[in-house]
Amino acid sequence: MPRARKDRAPRKGGPRRRGGAQSSIQADSGSSEDEAASEARSTTSDCPSLLSTVAEDSLGGGAVDEQGPQEDLEEKVKEYVDGLTDKSAKTRQGALESLRLALASRLLPDFLLERCLTLADALEKCLKKGKGEEQALAAAVVGLLCVQLGPGPKGEELFHSLRPLLVCVLSDSTASPAARLHCASALGLGCYVAAADVQDLVSCLTCLEGVFSRSCGVSGPTAPMAPASLHGLFCAVLQAWALLLTICPSTHVSHILDRQLPRLPQLLSSESVNLRIAAGETIALLFELARDLEEDFIYEDMDALCSALRTLATDSSKYRAKSDRRRQRSTFRAVLHFVEGGNCEEETVRFGLEVLYVDSWARRRIYAAFKDVLGSGMHHHLQNNELLRDIFGLGPVLVLDATALKACKTSRFEKHLYNAAAFKARTKARSRMRDKRADIL
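Each value, and the rule that gives it
Residues numbered from 1 in each chain as written. Predicted model: local features only at pLDDT ≥ 70, side-chain atom pairs only at ≥ 80, totals over all residues. Heavy atoms only, no water. Helix = DSSP H or I, 4+ residues; strand = E, 2+ residues; numbered from the N terminus. Contact = heavy atoms within 4.5 Å. Areas by Shrake-Rupley, 256 points an atom, 1.4 Å probe, with all protein chains shown as cover. Core = buried A, V, L, I, M, F, W, Y, C linked by side-chain atoms within 4.5 Å. Buried < 20%, exposed > 50% of the residue type's maximum accessible area, 1.4 Å probe, protein only. Expected span 1.5 Å × (residues − 1). Arc of directions from axis to C-beta. Axes fitted to C-alpha atoms, helices over the stretch in contact; angles between N-to-C directions. Parallel < 35°, antiparallel > 145°, perpendicular 65-115°, else oblique. Left-handed = near helix turned anticlockwise from the far one by under 90°. pLDDT = per-residue confidence, 0-100. Pairing = 2+ DSSP bridges. Salt bridge = Lys/Arg side-chain N within 4 Å of Asp/Glu carboxyl O.

A closer look at the overall build of the protein
Working step 1: Check the secondary structure of the protein and you find 19 helices and 3 strands.
Working step 2: For the protein, the proportion of contacts with a sequence separation of at least 24, taken over those separated by at least 6, is 72%.
Working step 3: For the protein, the accessible area works out to roughly 20800 Å², and carbon and sulfur atoms hold 52% of it.

Quick look at the structure:
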């Protein structure tokens, strides 16, 4: 897998190196605006998905329960793999959904290595002959398999064997938007994890760029706007493209900046709040990459861009949903602050006894990409998946016995004091924000 540049190597903890405002994804925020920011950042990608949203802990009668025996889970997964070749489309879809939930919730690399070829053949048939939701589920499972297998030979082999099918479905305008959406996400995540050749990376970037450039109205000032039914697809494509930019060689980044930075601001006028947010975050990422290449980088049309960002950061249109307005304002305040020369706000993600610092737009995009595919299993993978721990610089997997865990556990009284202090601070902040004389900026 092409690795990210050393200058954005993650920190394991300790003092923060930036002076930007700190926010926490899990802890209670100090103000209503911080709550909005936390909500926006913890749901970076809200592209529509047709995948089932059944409770993950109900899979196979508790098969993914943390305390469940590993052997029982593997037996369940064997049944799901067998179900991928069933003649009934409904049975195949059920097996794919159950397999998706199992792979997102638990780590099974050794078990999957023994069945890699079987899974690749079954998923190939689902992508080739399946329709709609079956293709979407199969693509989602492909992305999860890449996360499970990592950048080793088996992971590379799986990605190279299925990449042509992912590209084919993604490029097929007659295919289901949901199937194309998940193929785009799987293509981006699979390439990020398993592509060892720079040419593979450039090829995937070109494919993704072609989809949103041709269809999202960024190919020219008079290009038609995309239909609402495809907004989720373009959002996923743009986010997958941005993910690959984080590991793109600097020689290619400079060409992409010249080609796409003047065009992307047109997406800020999209009717979809998710697409506007994805475009804004991608613009911030491009500015970050440009400043890494050239510290005194200057964008020619800076005034117009900042004006558009400022409008979105203060948008109060009543015809938009309140939650959408809040997410949009929070995101674009951070984007505008960074584009104008400020620092990227730092976020902290607490899982178990560890803390992950997300202090750049590149790391935000990487974290969001894995969170989108892993869902509630993100913390389990951060604790146990060597791939994620390597990407985020968390070091070897921590091995703690029950005594050590109990010693580090926060007491109920300490939690009560913390929650009481957070409630008091939040009440004061909201009182100020309710004052009409307060400067909402």
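Some remarks on the nonpolar core
Working step 1: Among the nonpolar cores identified, the biggest contains 122 residues, and L170 and F370 are the most heavily contacted of them.
Working step 2: Broken down by element, this core gets its largest block of residues, 12 residues, from helix α12 (residues 273-293).
Working step 3: Setting aside its immediate chain neighbours within four residues, L170 contacts R180, C183, A184, L187, C207, L208, V211, L233 and V237.

Quick notes on helix α13 (residues 302-313)
Working step 1: Helix length check: α13 (12 residues) gives 16 Å between terminal C-alpha atoms against 16 Å at 1.5 Å per residue, within 8%.
Working step 2: Restricting attention to buried positions, one finds in α13 the residues L305, C306, L309, L312 and A313. Looking straight down α13, one finds that the buried residues subtend no more than 125 degrees of arc, so they occupy a single side.
Working step 3: Looking at the buried residues of α13, the elements they touch are α12 and α14 (322-339).

A few points about the packing of helix α7 (residues 153-171) against helix α8 (residues 177-194)
Working step 1: Between α7 and α8, whose axes approach to 9 Å, the crossing angle comes to 150 degrees. One way to sum up the angle between α7 and α8 is to call them roughly antiparallel. Between α7 and α8 lies a crossing whose hand is left-handed. Note on element contacts: α8 touches α7 through A179, R180, C183, A184, A186, L187, G190, C191 and A194, opposite G155, E156, F159, R163, L166, V167, V169 and L170.

Quick word on the confidence of the model for the protein
Working step 1: Summarising the model, the protein shows a mean pLDDT of 80, and 77% of its residues fall at 70 or more.
Working step 2: Taken as a whole, residues 52-67 scores under 50 in pLDDT and shows 30 contacts with residues more than four places along the chain or in a different chain.
Working step 3: Predicted confidence is poor over residues 218-224, with pLDDT under 50, and the contacts of this stretch with residues over four places away or in other chains come to 10 contacts.

Notes on the pairing of strand β2 (residues 346-351)
Working step 1: The element β2 is largely enclosed, with a buried count of 5 among its 6 residues.
Working step 2: Counting the residues that bridge the hairpin from β2 to strand β3 (residues 354-358) gives 2 residues, and of these G352 lies at a positive phi of roughly 60 degrees.

Some points on helix α2 (residues 70-83)
Given 3.6 residues per turn, any residue in an α-helix points the same way as the ones three and four places further on.
Working step 1: A rise of 1.5 Å per residue sets the reference length of α2, with its 14 residues, at 20 Å; its end C-alpha atoms lie 20 Å apart and thus fit the reference within 8%.
Working step 2: Those residues of α2 that fall on the buried side of the exposure criterion are L73, V77, Y80, V81 and G83. For α2, the angular spread of the buried residues around the axis is 155 degrees, confining them to a single face. In this structure, α2 carries E71, E79 and D82 as exposed residues pointing more than 90 degrees from its buried face.
Working step 3: Turning to α2, the residues buried within the fold contact α3 (89-105), α4 (109-113) and α5 (116-129).

Concerning the pattern of salt bridges
Working step 1: Counting across every chain of the model gives 12 salt bridges.
Working step 2: Across the pair R310 and E340 runs a salt bridge, and its minimum N-O distance is 2.7 Å. With R310 in helix α13 and E340 in the loop between α14 and β2, the pair connects residues that are 30 residues apart, well separated along the chain.
Working step 3: The exposure class assigned to R310 is partly exposed, which follows from its relative accessible area of 38%.
Working step 4: What makes E340 partly exposed here is its relative accessible area of 46%.
Working step 5: Between R327 and D324 there is a salt bridge; the shortest N-O distance is 3.7 Å. Of this pair, R327 and D324 both sit in helix α14, 3 residues apart, roughly one helical turn.
Working step 6: The partly exposed category is assigned to D324, whose relative accessible area is 24%.

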